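Chain by chain, the residues run as shown.
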Amino acid sequence: MSNPINEAITDNEELNDFNRQGVDYFNRANNDYGQFHFAEAVENCEKAAYFFEKAGDIKNQGDSYLLMGNIYAYISDYNRSLEILEKAVSLYERAGNLQAQGQASLEIGWVY
(Lines give C-alpha, C1' and ligand atoms only; values in the text may rest on other atoms or scores of the structure.)
Protein backbone atom coordinates (compact mmCIF):
# COMPACT_ATOMS: atom_id res chain seq x y z
CA MET A 1 0.00 0.00 0.00
CA SER A 2 1.35 3.41 -0.92
CA ASN A 3 1.89 6.13 1.61
CA PRO A 4 0.30 9.45 0.51
CA ILE A 5 2.75 11.42 2.67
CA ASN A 6 5.74 9.88 0.89
CA GLU A 7 4.08 10.47 -2.47
CA ALA A 8 3.46 14.13 -1.56
CA ILE A 9 7.09 14.53 -0.50
CA THR A 10 8.27 12.97 -3.75
CA ASP A 11 5.98 15.24 -5.78
CA ASN A 12 7.20 18.27 -3.82
CA GLU A 13 10.84 17.30 -4.38
CA GLU A 14 10.17 16.95 -8.09
CA LEU A 15 8.57 20.40 -8.18
CA ASN A 16 11.53 21.82 -6.29
CA ASP A 17 13.87 20.22 -8.83
CA PHE A 18 11.93 21.86 -11.66
CA ASN A 19 12.15 25.20 -9.87
CA ARG A 20 15.90 24.80 -9.25
CA GLN A 21 16.43 23.99 -12.91
CA GLY A 22 14.38 27.04 -13.87
CA VAL A 23 16.47 29.27 -11.62
CA ASP A 24 19.66 27.80 -13.07
CA TYR A 25 18.58 28.46 -16.66
CA PHE A 26 17.30 31.93 -15.76
CA ASN A 27 20.66 32.82 -14.21
CA ARG A 28 22.44 31.51 -17.30
CA ALA A 29 20.16 33.64 -19.48
CA ASN A 30 20.97 36.76 -17.46
CA ASN A 31 24.67 36.00 -17.71
CA ASP A 32 24.46 35.38 -21.46
CA TYR A 33 22.49 38.59 -21.96
CA GLY A 34 25.10 40.55 -20.02
CA GLN A 35 27.80 39.13 -22.29
CA PHE A 36 25.80 39.89 -25.46
CA HIS A 37 25.24 36.20 -26.26
CA PHE A 38 21.66 36.79 -27.29
CA ALA A 39 20.83 33.47 -28.97
CA GLU A 40 22.05 31.57 -25.91
CA ALA A 41 20.19 33.93 -23.60
CA VAL A 42 16.90 33.38 -25.44
CA GLU A 43 17.42 29.62 -25.42
CA ASN A 44 18.06 29.65 -21.68
CA CYS A 45 15.00 31.86 -21.10
CA GLU A 46 12.89 29.33 -22.97
CA LYS A 47 14.28 26.50 -20.85
CA ALA A 48 13.74 28.48 -17.65
CA ALA A 49 10.13 29.23 -18.61
CA TYR A 50 9.56 25.54 -19.33
CA PHE A 51 10.86 24.42 -15.93
CA PHE A 52 9.02 27.17 -14.05
CA GLU A 53 5.82 26.08 -15.82
CA LYS A 54 6.45 22.47 -14.74
CA ALA A 55 6.98 23.71 -11.16
CA GLY A 56 3.80 25.81 -11.27
CA ASP A 57 5.84 28.95 -10.61
CA ILE A 58 3.87 31.46 -12.68
CA LYS A 59 5.72 34.55 -11.43
CA ASN A 60 9.16 33.24 -12.39
CA GLN A 61 7.78 31.95 -15.67
CA GLY A 62 6.67 35.54 -16.31
CA ASP A 63 10.15 36.78 -15.36
CA SER A 64 11.63 34.46 -17.98
CA TYR A 65 9.33 35.88 -20.64
CA LEU A 66 10.04 39.44 -19.50
CA LEU A 67 13.78 38.91 -19.89
CA MET A 68 13.26 37.20 -23.25
CA GLY A 69 11.08 40.07 -24.45
CA ASN A 70 13.75 42.56 -23.43
CA ILE A 71 16.37 40.58 -25.32
CA TYR A 72 14.27 40.61 -28.49
CA ALA A 73 13.74 44.35 -28.10
CA TYR A 74 17.48 44.89 -27.66
CA ILE A 75 18.21 43.07 -30.92
CA SER A 76 15.44 45.05 -32.66
CA ASP A 77 13.02 42.16 -33.19
CA TYR A 78 10.16 44.30 -31.99
CA ASN A 79 7.26 42.13 -33.13
CA ARG A 80 8.66 39.08 -31.34
CA SER A 81 9.43 41.24 -28.31
CA LEU A 82 5.83 42.45 -28.08
CA GLU A 83 4.48 38.91 -28.45
CA ILE A 84 6.72 37.64 -25.63
CA LEU A 85 6.08 40.62 -23.35
CA GLU A 86 2.33 40.10 -23.73
CA LYS A 87 2.87 36.55 -22.43
CA ALA A 88 4.70 37.99 -19.44
CA VAL A 89 1.85 40.41 -18.71
CA SER A 90 -0.66 37.57 -18.92
CA LEU A 91 1.35 35.38 -16.56
CA TYR A 92 1.80 38.18 -14.04
CA GLU A 93 -1.93 38.85 -14.20
CA ARG A 94 -2.64 35.17 -13.47
CA ALA A 95 -0.15 35.31 -10.59
CA GLY A 96 -1.84 38.43 -9.21
CA ASN A 97 1.44 40.34 -9.30
CA LEU A 98 0.43 43.90 -10.21
CA GLN A 99 3.92 45.34 -9.84
CA ALA A 100 5.44 42.86 -12.29
CA GLN A 101 2.44 43.25 -14.60
CA GLY A 102 3.04 47.00 -14.61
CA GLN A 103 6.75 46.53 -15.32
CA ALA A 104 6.04 44.25 -18.28
CA SER A 105 3.44 46.72 -19.57
CA LEU A 106 6.00 49.50 -19.29
CA GLU A 107 8.43 47.44 -21.34
CA ILE A 108 5.75 47.05 -24.00
CA GLY A 109 5.41 50.83 -24.03
CA TRP A 110 9.17 51.20 -24.57
CA VAL A 111 9.05 48.80 -27.51
CA TYR A 112 6.34 50.90 -29.17
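Everything quoted here is computed from the prediction, not taken from an experiment.

Thresholds applied
Residues numbered from 1 in each chain as written. Predicted model: local features only at pLDDT ≥ 70, side-chain atom pairs only at ≥ 80, totals over all residues. Heavy atoms only, no water. pLDDT = per-residue confidence, 0-100. Helix = DSSP H or I, 4+ residues; strand = E, 2+ residues; numbered from the N terminus. Contact = heavy atoms within 4.5 Å. Patch = residues over 30% accessible without salt bridge, like charges linked within 9 Å, V, L, I, M, F, W, Y side chains within 5 Å. Areas by Shrake-Rupley, 256 points an atom, 1.4 Å probe, with all protein chains shown as cover. Salt bridge = Lys/Arg side-chain N within 4 Å of Asp/Glu carboxyl O. Buried < 20%, exposed > 50% of the residue type's maximum accessible area, 1.4 Å probe, protein only. Polar contact = N/O pair within 3.5 Å; in protein donor to acceptor, adjacent residues only side chain to side chain.

*Asks:* Let's hear about the confidence of the model for the protein chain: which residues, and what values?
*Replies:* Chain-level pLDDT for the protein chain is 90 on average; 87% of the residues reach the 70-or-more range. Mean pLDDT values for the elements of the protein chain range from 77 in helix α1 (residues 4-34) up to 98 in helix α4 (residues 78-95). Counting interchain partners and residues more than four positions distant, the pLDDT-below-50 stretch residues 1-10 has 1 contact.

*Asks:* I'd like a description of a nonpolar patch on the surface, backed by residues and values.
*Replies:* Side chains of F36, Y74 and I75 sit close together on the surface and give an oily, nonpolar patch of about 330 Å² of accessible area. Here F36 shows up in the loop between α1 and α2 (38-55). Among the residues examined, F36 registers a relative accessible area of 54% and is labelled exposed.

*Asks:* Give a description of the environment of N44 that names residues and reports values.
*Replies:* Inspection of the secondary structure assignment puts N44 in helix α2. A relative accessible area of 9% means that N44 is categorised as buried. For the pair N44 and Y33, spaced 11 residues apart in sequence, the C-alpha separation works out to 10.0 Å. Leave out the neighbours within four places in its chain, and N44 touches Y25, R28, A29 and D32. A polar contact of 2.8 Å, which involves the side chain of N44, links it to the side chain of D32.

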